[in-house]
Amino acid sequence: MKTVLVTGGAGYIGSHTTLSLLEKGFHVVVVDNLCNSSYEAIYRVQKLTGKSVDFYEVDLRHSEKLQEIFKQHVISGVIHFAALKAVGESMELPFAYYQNNLTSTLNLLEVMQQNDCHNIIFSSSATVYGEEAIPPYQEQMKYGTPSSPYGASKMMVERILQDMTVASKSLHCVSLRYFNPIGAHESGEIGEDPKNVPQNLMPFISQVAVGKRDQLNVFGSDFPTDDGTCERDYLHVMDLAEGHVLALEWLLKQESLSEMAVFNLGTGTPYSVLQIIQAFENANNIQVPYVITERRKGDLPAFWADASKAKTHLGWETKRSLEQMMLDTWRWQMQNPNGFS
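Residues numbered from 1 in each chain as written. Predicted model: local features only at pLDDT ≥ 70, side-chain atom pairs only at ≥ 80, totals over all residues. Heavy atoms only, no water.

Honestly, the pattern of salt bridges in this entry has me stumped. Any pointers?
Opposite charge on two side chains allows them to pair when their charged atoms are near. Enumeration over the complete set of coordinates arrives at eleven salt bridges. Between D328 and R331 there is a salt bridge, and its shortest N-O distance comes to 2.6 Å. Taken together, the residues span about one helical turn, with D328 and R331 both in helix 11 (residues 322-335) at a distance of three residues. D328 sits in the buried class, given a relative accessible area of 2%. The exposure class of R331 is partly exposed, given its relative accessible area of 30%. Overlapping salt bridges bring together D239, E242, K319 and R320 as one network. (Salt bridge = Lys/Arg side-chain N within 4 Å of Asp/Glu carboxyl O. Helix = DSSP H or I, 4+ residues; strand = E, 2+ residues; numbered from the N terminus. Buried < 20%, exposed > 50% of the residue type's maximum accessible area, 1.4 Å probe, protein only.)

Before we go on, may I ask you to explain unusual backbone geometry in this structure?
Note on backbone geometry: most residues besides glycine have negative phi, and most peptide bonds are trans. Residue P136 is reached from P135 by a cis peptide bond, and omega for that bond is 5 degrees. By the element assignment, P136 lies in the loop between strand 5 (119-123) and helix 6 (149-168). Of note in this structure, L34 is not a glycine but carries a positive phi near 60 degrees. The backbone of D116 sits at a positive phi, close to 55 degrees, despite the residue not being glycine. Mapped onto the fold, D116 is located in the loop between helix 5 (94-114) and strand 5. Accessibility expressed as a relative area gives 60% for D116, which makes it exposed.

Just checking my understanding: could you explain the nonpolar core for this structure?
Core analysis: the largest hydrophobic core is formed by 43 residues, its most contacted members being L21, I121, V174, L176, W250 and F263. Broken down by secondary-structure element, the contributors of at least two residues to this core are strand 1 (3-7), helix 1 (12-23), strand 2 (27-31), helix 2 (39-49), strand 6 (172-178), helix 8 (237-253), strand 10 (261-265) and helix 10 (308-314). Beyond its immediate sequence surroundings of up to four residues, W250 is in contact with V174, L257, A261, F263, H313 and L314. Among the nonpolar cores identified, the runner-up in size contains 25 residues, and L5, Y56, V111 and C173 belong to it. (Core = buried A, V, L, I, M, F, W, Y, C linked by side-chain atoms within 4.5 Å. Contact = heavy atoms within 4.5 Å.)

How should the packing of aromatic side chains be read in this particular structure?
What describes a pair of aromatic rings is the distance from one ring centre to the other and the angle between the planes of the rings. In total, this model carries eight aromatic pairs according to the counting rule given. For the ring pair Y129 and Y137, a centre distance of 4.7 Å and an interplane angle of 40 degrees mean the geometry is tilted. Accessibility assignment for this pair places Y129 and Y137 in one class, buried. Between the NZ or CZ atom of R177 and the centre of the ring of Y129, over which it lies, the distance is 4.9 Å. Of note, R213 hangs over the ring of F204, and the distance from its end group to the ring centre comes to 5.7 Å. (Phe/Tyr/Trp six-rings, centres within 6.5 Å; stacked < 30°, edge-to-face > 60°. Lys NZ or Arg CZ within 6 Å of the ring centre and 35° of its normal.)

Just checking my understanding: could you explain the environment of T165 for this structure?
The residue T165 is located in helix 6 in this model. In sequence terms T165 and S258 are 93 residues apart; their C-alpha atoms lie 6.7 Å from each other. Leaving out residues up to four positions away in the same chain, T165 has contacts with L171, C173, L257, S258, E259 and M260. Within the local environment of T165, its side chain forms a polar contact with the backbone oxygen of L161, the two atoms lying 2.7 Å apart. (Polar contact = N/O pair within 3.5 Å; in protein donor to acceptor, adjacent residues only side chain to side chain.)

Would you mind going over the sheet that holds strand 5 with me for this structure?
Two orientations exist for strands paired in a sheet by backbone hydrogen bonds: parallel and antiparallel. With parallel pairing, the seven strands of this open sheet are ordered in space as 3-2-1-4-5-6-10. Every interior strand has two partners, whereas the edge strands, strand 3 (54-56) and strand 10, have only one. Each adjacent strand pair in this sheet contributes to an overall mean axis angle of 15 degrees, direction not counted. Taken together, the five bridges between strand 1 and strand 2 define a ladder with parallel strand orientation. (Pairing = 2+ DSSP bridges. Axes fitted to C-alpha atoms, helices over the stretch in contact; angles between N-to-C directions.)

Just to check I follow, could you spell out the state of the cysteines for this structure?
As used in these notes, a disulfide is a covalent bond between sulfur atoms, one from each of two cysteines. Considering all chains together, one arrives at zero disulfides under this definition. Free of any disulfide, C173 has its nearest neighbouring cysteine sulfur in C117, separated by 12 Å. By relative accessible area, which is 0% here, C173 ends up buried. (Disulfide = S-S within 2.5 Å.)

Please explain the sheet that holds strand 11 (residues 270-272) as it appears in this structure.
Spatially, the three strands line up as an open sheet ordered 7-9-11, and their pairing is mixed. The open sheet has two edge strands, strand 7 (180-182) and strand 11, and neither has a second partner. The mean angle between the axes of side-by-side strands here comes to 55 degrees, regardless of whether they run parallel or antiparallel. Both strand 7 and strand 9 (residues 231-236) contribute to a ladder of three bridges, which runs parallel. Note that in strand 9 the partner of P181 across the bridge is L235. Together, strand 9 and strand 11 form the strand contacts of helix 9 (residues 273-284), whose direction differs from that of strand 11 by roughly 85 degrees.

What am I meant to see in the pairing of strand 6 here?
Sheet faces and side chains relate simply in a regular strand, where the side chains alternate between the two faces. Summarising burial for strand 6: seven of the seven residues are buried, a large majority. As paired elements, strand 5 and strand 6 share five bridges and run parallel to each other. When the bridges of strand 6 are listed, S123 appears paired with L176. For the crossover that starts at strand 5, traverses helix 6 and ends in the parallel strand 6, the hand is right-handed. Inspection of the sheet shows strand 6 paired to strand 10 by five bridges, in the parallel sense. In the strand pairing of strand 10, R177 is matched with N264. (Right-handed = clockwise from strand over helix to strand, strands pointing away.)

Okay, here's the thing in structure tokens:
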């Protein structure tokens, strides 16, 4: 049984990926500082799978603590989620985003090298394609100018991983660039639970629907899209989690990689903010009050994926519909009106 370290494994995408890894027979070690997550997610993952997780409440910026974890486990690969991840917040707190996202990754890579761990899956973002890129985004596109410090930090980490992969020949790296994960596990036991005001659309919609918030703010209605609101490529978080597992299985089979492998994960179909609101209302027979407000800094009009490369090389494609995303989101929120609290 191979052991996988999942950084940020108690978070939204991390917890769903941890569940998928356990279901595929991996042993999972989770490191998370719980700054925007909850150990309850790990507890529930163990309950759902009937399998145990080795959990460490550790901040990756503390390399000596990370070193201790690597000494206790023979780790075959790392899936690196741990990062601050809100576009809007990064515009207000750029130093925090650079300091956290870069330092934690550099520490992780150093400790991996010191312990002969050579395989890493990086949780990247479509934002690395930049403001100038014309969708659908394709992996061979050059880096653009990211629209936020969050996107810039993801691009910087990718460049570090690419340089190290080319220079060392022993480091094997996959960067997964994905778009907007939504939904929850079909059980309703784990889902997205932001600790503060939600920075993403879907948890805000569901919190308004459950009565936790009065109304949704739609940031801008004058974008060059069909209805004037931003268009994004939304995919089910379980499809995304399964993509990480397939990428890891693919990576562990590679004898050598001369450069970092990059794969988009998305549906290839963009939906606007208003279309997502309507889909949620239709699927769950509930109204979501909203108001149109000014644009938010860092938001691009529209982007979506060309994920054909992932299908060809990893055998991955999305399976779950937009309606399923809406139903699973609402099931999670109804069963957990206050999240994991």
